[in-house]
Number of protein chains: 6
Amino acid sequence: MPQQIKIGKLAVLAASLTEEELSGFADHFNQVRCCQGKAGSMDVQKIIAAVETAAKRNGIIKENVYRETHALYHAILEGLHGVTRGQIGVGTMMRTVGLRFSVVRGRPYDHPGEGEWLAVAFYGTIGAPVKGLEHETCGLGINHI
Amino acid sequence: MPQQIKIGKLAVLAASLTEEELSGFADHFNQVRCCQGKAGSMDVQKIIAAVETAAKRNGIIKENVYRETHALYHAILEGLHGVTRGQIGVGTMMRTVGLRFSVVRGRPYDHPGEGEWLAVAFYGTIGAPVKGLEHETCGLGINHI
Amino acid sequence: MPQQIKIGKLAVLAASLTEEELSGFADHFNQVRCCQGKAGSMDVQKIIAAVETAAKRNGIIKENVYRETHALYHAILEGLHGVTRGQIGVGTMMRTVGLRFSVVRGRPYDHPGEGEWLAVAFYGTIGAPVKGLEHETCGLGINHI
Amino acid sequence: MPQQIKIGKLAVLAASLTEEELSGFADHFNQVRCCQGKAGSMDVQKIIAAVETAAKRNGIIKENVYRETHALYHAILEGLHGVTRGQIGVGTMMRTVGLRFSVVRGRPYDHPGEGEWLAVAFYGTIGAPVKGLEHETCGLGINHI
Amino acid sequence: MPQQIKIGKLAVLAASLTEEELSGFADHFNQVRCCQGKAGSMDVQKIIAAVETAAKRNGIIKENVYRETHALYHAILEGLHGVTRGQIGVGTMMRTVGLRFSVVRGRPYDHPGEGEWLAVAFYGTIGAPVKGLEHETCGLGINHI
Amino acid sequence: MPQQIKIGKLAVLAASLTEEELSGFADHFNQVRCCQGKAGSMDVQKIIAAVETAAKRNGIIKENVYRETHALYHAILEGLHGVTRGQIGVGTMMRTVGLRFSVVRGRPYDHPGEGEWLAVAFYGTIGAPVKGLEHETCGLGINHI
């Protein structure tokens, strides 16, 4: 089943590229709905809240429909597994400096019955508790909506 | 500590962009050593072997030095956590169609004492055991070498 | 948001009660679609295939729509976490004797916009590799569809 | 080795059925010792304390014998793996509304040497941090005592 | 509650020290029952079988009592978590060279009601799939019996 | 590749033996750099800080070089997996009484290109939240530096 629109790749680009670098991909972004944001904490609960708030404020998901929040929630969790690389439970002990996220909603498949899907991507730096020491991290989650 | 060269971002781009899309980032890739490859299986052991072989054949890591293989091995495992999103143990039951990977070696930090680091990125599609059904996945691992 | 129909509870009952015991809950089951089955192996891939096959054969999910399979797949994985209790990766070394499963599809919420959801439940016995030694196990996964 | 008394099934029923529904299973409950309770928090530490307190207050386990507390503790943890479905580490970011639990102590096996075993079951609703949005969850843990 | 006999420490010593080094601890080992063995594979199922067989053959646990096997089984699994350091699911892709194990059964606590407990320790080398490259690993599991 | 100096075994001994017991291994410890310490909390973040501080104060790793802290950090995490036996995310709910740790830095391999490696070991007692109830625990992590 051919994937026409790569919502995951677009989400990763939206989270990791500069505005100038992104401009070269404008044609692709015209086919989806997308929002971006920043999360300045490694508290998993605050990151989830930041992504949810951004997605609702930008109309990517509906405010009062649980099934859309549920879809987003699991896509966020999947993306965070990439960010914490198997240590999601120890996430609270790490420190981030400028974790950026993006949410992309679109129709990746030709077949209309497949409907809409969500991609959530994270990119930024993550560090040990001591300041000044960090390296890059990235994560991507995908779910049907 | 400012990161001058974002080896993680470059690895993600090398794994996910087309050759044409990558050409816009040539200046950045001149500052690092990079190789790419494909893994056609979701057997974790085979993916590790494929990345190791590519990294050694392209001179990214030294063939006979365990500490370099050890560094690469843990960067691969970290990247696979993003690919399998917390289900690395169930990886064998999934099916991939065109998982691409990249290995980038460079000096992300200004301070010369920080030396060289490795980034391993994966991008592709992953699916349930039944053929024809898959969605995108992405992972990034970083380690000092 | 009140849950009118408890699809998770019904799935657990359908997986764990005898036919006679279930007859007392017939009114509840009239409000949902439900199928049952058995999985005689602890190979995670075979359990997933058994549940998928049963759900499609009984018309609980549509055969050719990836988003429905994707929803079922993640509900199965969630249910298996309960069965293996945090050891899903070591599942292959365990042995089951009569693991029964059920899939329930229904509308748990009053609000029509919440649409349909899936519940997958497992109940049975699980044991160490040596035959004749096992105890009970149970798991439940829920997802929007 | 035939299991005569299904302490796990009884624990699941005690946690999920209404008092009226349970009355049909009275004969089975006469063969075991059982207590029930509620946990209004998703703080893992508080849930453990609530179950331990209930089990000791109702004489299911002895107050001052570590091996009985140790057996209960691991049965609780196993049950919580089902509740959190592989995300036990992120448990603190979730919210429960009316998680009920039960502890059943009995002799599941014919052979007298097998002695007593414990079953701990959870059933209730679990949700994202935002209020008003939740779905069902269930977990079961078993241990020898 | 003072621990008089440190069965865990003795198990670790029995798994990691040479016979000569162990001789200095003979007084301590007189207070417990202990057996040792080797596991030449990283197949989790085979390691479990090797430890079980050794423990039964040496009379550390009773052959036909499930609760003793159940206690040993969970102690083995806990010890393997240390060996694989959070990657138990990927255990099959690693390679060991001379993993030694020990099982110690004793009464660690003064209070007679606490009865007997089991300690299972592992020590050896673990490596990436490529031969010749490995480092040390160690694990300890404890359970009541 | 023969391992001449077993830094992991030495780290485990330094964490678990009494000073008197350790004196018999003095020859081995002359070949490495080693420090010891205690961590009185089960808060993962505080344990990491305690080990880092001890390692830097004793000159085992350099204070201002991220790659050395990064190497130590992952060795600590690996060791903690053994301590928490697969439940690292629930670490905060447990209680320790006298967890001792050691950090050993040395050259385990004959080949000079393999350079220096780090071993971090933990040994002590771990318990349920209720005071007075605990059993032994042990963990070992190894990394190149």
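Only a predicted model underlies this, so the values are computations on that prediction, with no experimental measurement involved.

K.L.:
Teacher, can you tell me more about the pairing of strand β3 (residues 117–127) of chain A here?
P.N.:
In regular strands, side chains alternate between the two faces of the sheet. All names here are of chain A. Burial runs high along β3: eleven of the eleven residues are buried. The sheet contact formed by β3 and strand β4 (residues 134–144) spans eleven bridges and is antiparallel. The residue bridging Tyr-123 from the neighbouring strand is Cys-138, located in β4.

K.L.:
How should the side chain of Glu-78 of chain E be read in this particular structure?
P.N.:
Take Glu-78 of chain E: it is sitting in helix α5 (residues 66–84). Excluding its chain neighbours within four sequence positions, the residues that come into contact with Glu-78 of chain E are His-74 of chain D, Leu-140, Gly-141 and Ile-142 of chain E together with Arg-85 of chain F.

K.L.:
Mind showing me how you'd approach the relation of the copies chain A and chain B here?
P.N.:
Both copies of the chain are related through a single rotation about an axis accompanied by a shift along the same axis. Once chain A is rotated about the relating axis by 180 degrees and shifted along it by 0.0 Å, it coincides with chain B to within an RMSD of 0.0 Å. Taken together, the turn and the small shift mark the pair as related by a two-fold rotation axis. Nearest to the rotation axis, the C-alpha of Gly-82 of chain A is located 1.8 Å from it, this being the minimum over chain A. Comparing interface residues between copies, 100% of those in chain A also sit at the interface in chain B, which points to an isologous, same-surface contact.

K.L.:
Looking at this model, I keep getting lost on α5 of chain E. Mind explaining?
P.N.:
One turn of the α-helix equals 3.6 residues, which is why residues spaced by three or four share an orientation. Residues and elements named next belong to chain E. Look at α5: 26 Å from first C-alpha to last across 19 residues, which is about the 27 Å you get at 1.5 Å a residue. The buried fraction of α5 amounts to 19 of the 19 residues, a majority that puts the element mostly inside the structure. Immediately beyond the C-terminal end of α5, within one or two residues, lies Arg-85, with a positive phi of roughly 50 degrees.

K.L.:
Whenever I open this one, the interface of chain A and chain B confuses me. Can you help?
P.N.:
Contact residues are listed per partner, giving 32 residues for chain A and 32 residues for chain B. Between chain A and chain B lies a buried interface of about 2700 Å² when both sides are counted; carbon and sulfur atoms form 57% of it. A per-residue breakdown of the area chain A buries against chain B is headed by Lys-9, Arg-85 and Glu-136 of chain A, which together make up 23% of the total. At the surface where chain A touches chain B, the tally comes to two salt bridges. Linking chain A to chain B there are twelve residue pairs in polar contact (both at pLDDT 80 or more). Contributions of two or more residues to the side of chain A that touches chain B are made by α1 (7–16), α5 (66–84), β3 and β4 of chain A. Residue contributions to the side of chain A that touches chain B peak at seven residues, all from β4 of chain A.

K.L.:
Explanation requested: the packing of aromatic side chains in the structure shown.
P.N.:
Describing an aromatic ring pair means giving the distance of the ring centres and the angle of the ring planes. Counted under the stated rule, the structure contains 23 aromatic pairs over all chains. Ring geometry for Tyr-66 of chain D against Tyr-109 of chain E: centres 5.7 Å apart, planes inclined by 85 degrees, an arrangement best described as edge-to-face. Pair noted here: Tyr-66 of chain D is in helix α5 (residues 66–84) and Tyr-109 of chain E is in the loop between β2 (95–106) and β3 (117–127), and the two residues belong to different chains. Summarising the burial analysis for this pair, Tyr-66 of chain D and Tyr-109 of chain E share the class buried. Taken together, the aromatic side chains of Tyr-66 of chain A together with Tyr-109 and Trp-117 of chain C make up a single cluster linked through ring pairs.

K.L.:
Mind showing me how you'd approach the side chain of Ser-102 of chain D here?
P.N.:
All names here are of chain D. Its place among the elements puts Ser-102 in strand β2 (residues 95–106). At 2.7 Å, the side chain of Ser-102 forms a polar contact with the backbone oxygen of Ala-11. Not counting residues within four places of it along the chain, the set of residues in contact with Ser-102 comprises Ala-11, Ala-14, Ala-15, Cys-35, Gln-36, Ala-119, Val-120 and Ala-121.

K.L.:
I'm lost on the confidence of the model for chain A in this one. Help?
P.N.:
Close inspection of predicted coordinates is inappropriate for parts of the model with low pLDDT. Chain-level pLDDT for chain A is 87 on average; 86% of the residues reach the 70-or-more range. What the predictor reports for the complex is a pTM of 0.89 with an ipTM of 0.92.

K.L.:
Explain the pattern of salt bridges here, please?
P.N.:
Where charged atoms from two side chains of opposite charge come close, those side chains can pair. One pass over the full model with this rule turns up 29 salt bridges over all chains. Lys-56 of chain F is paired through a salt bridge with Glu-52 of chain F; the nearest N and O atoms lie 3.8 Å apart. With Lys-56 of chain F and Glu-52 of chain F both in helix α4 (residues 44–57) and four residues apart, this pair spans about one turn of that helix. The network of salt bridges with shared partners includes Arg-33, Glu-68, Arg-105 and Glu-116 of chain A.

K.L.:
Just to check I follow, could you spell out helix α1 (residues 7–16) of chain B for this structure?
P.N.:
Within α1 of chain B, ten of the ten residues are buried, which leaves it mostly tucked inside the rest of the structure. Three or more residues of α1 of chain B are buried, namely Ile-7, Gly-8, Lys-9, Leu-10, Ala-11, Val-12, Leu-13, Ala-14, Ala-15 and Ser-16 of chain B.

K.L.:
Would you mind showing me how to read the packing of helix α4 (residues 44–57) of chain D against α5 of chain D here?
P.N.:
Residue and element names in this part refer to chain D. Where α4 contacts α5, the two axes come as close as 10 Å, and the packing angle between them is 130 degrees. With respect to α5, the axis of α4 lies oblique. Considering how the two elements wind past one another, α4 and α5 form a crossing that is right-handed. Of α5, the residues touching α4 (which contributes Val-44, Ile-47, Ile-48, Val-51, Glu-52, Ala-55 and Lys-56) are Thr-69, Leu-72, Tyr-73, Ile-76, Leu-77 and Leu-80.

The rules behind each value
- Residues numbered from 1 in each chain as written.
- Chains lettered and ligands numbered in written order.
- Predicted model: local features only at pLDDT ≥ 70, side-chain atom pairs only at ≥ 80, totals over all residues.
- Heavy atoms only, no water.
- Buried < 20%, exposed > 50% of the residue type's maximum accessible area, 1.4 Å probe, protein only.
- Helix = DSSP H or I, 4+ residues; strand = E, 2+ residues; numbered from the N terminus.
- Pairing = 2+ DSSP bridges.
- Contact = heavy atoms within 4.5 Å.
- Least-squares fit on C-alpha atoms with pLDDT ≥ 70 in both.
- Expected span 1.5 Å × (residues − 1).
- Buried area = accessible area lost by both parts, 1.4 Å probe.
- Salt bridge = Lys/Arg side-chain N within 4 Å of Asp/Glu carboxyl O.
- Polar contact = N/O pair within 3.5 Å; in protein donor to acceptor, adjacent residues only side chain to side chain.
- Phe/Tyr/Trp six-rings, centres within 6.5 Å; stacked < 30°, edge-to-face > 60°.
- pLDDT = per-residue confidence, 0-100.
- Axes fitted to C-alpha atoms, helices over the stretch in contact; angles between N-to-C directions.
- Parallel < 35°, antiparallel > 145°, perpendicular 65-115°, else oblique.
- Left-handed = near helix turned anticlockwise from the far one by under 90°.

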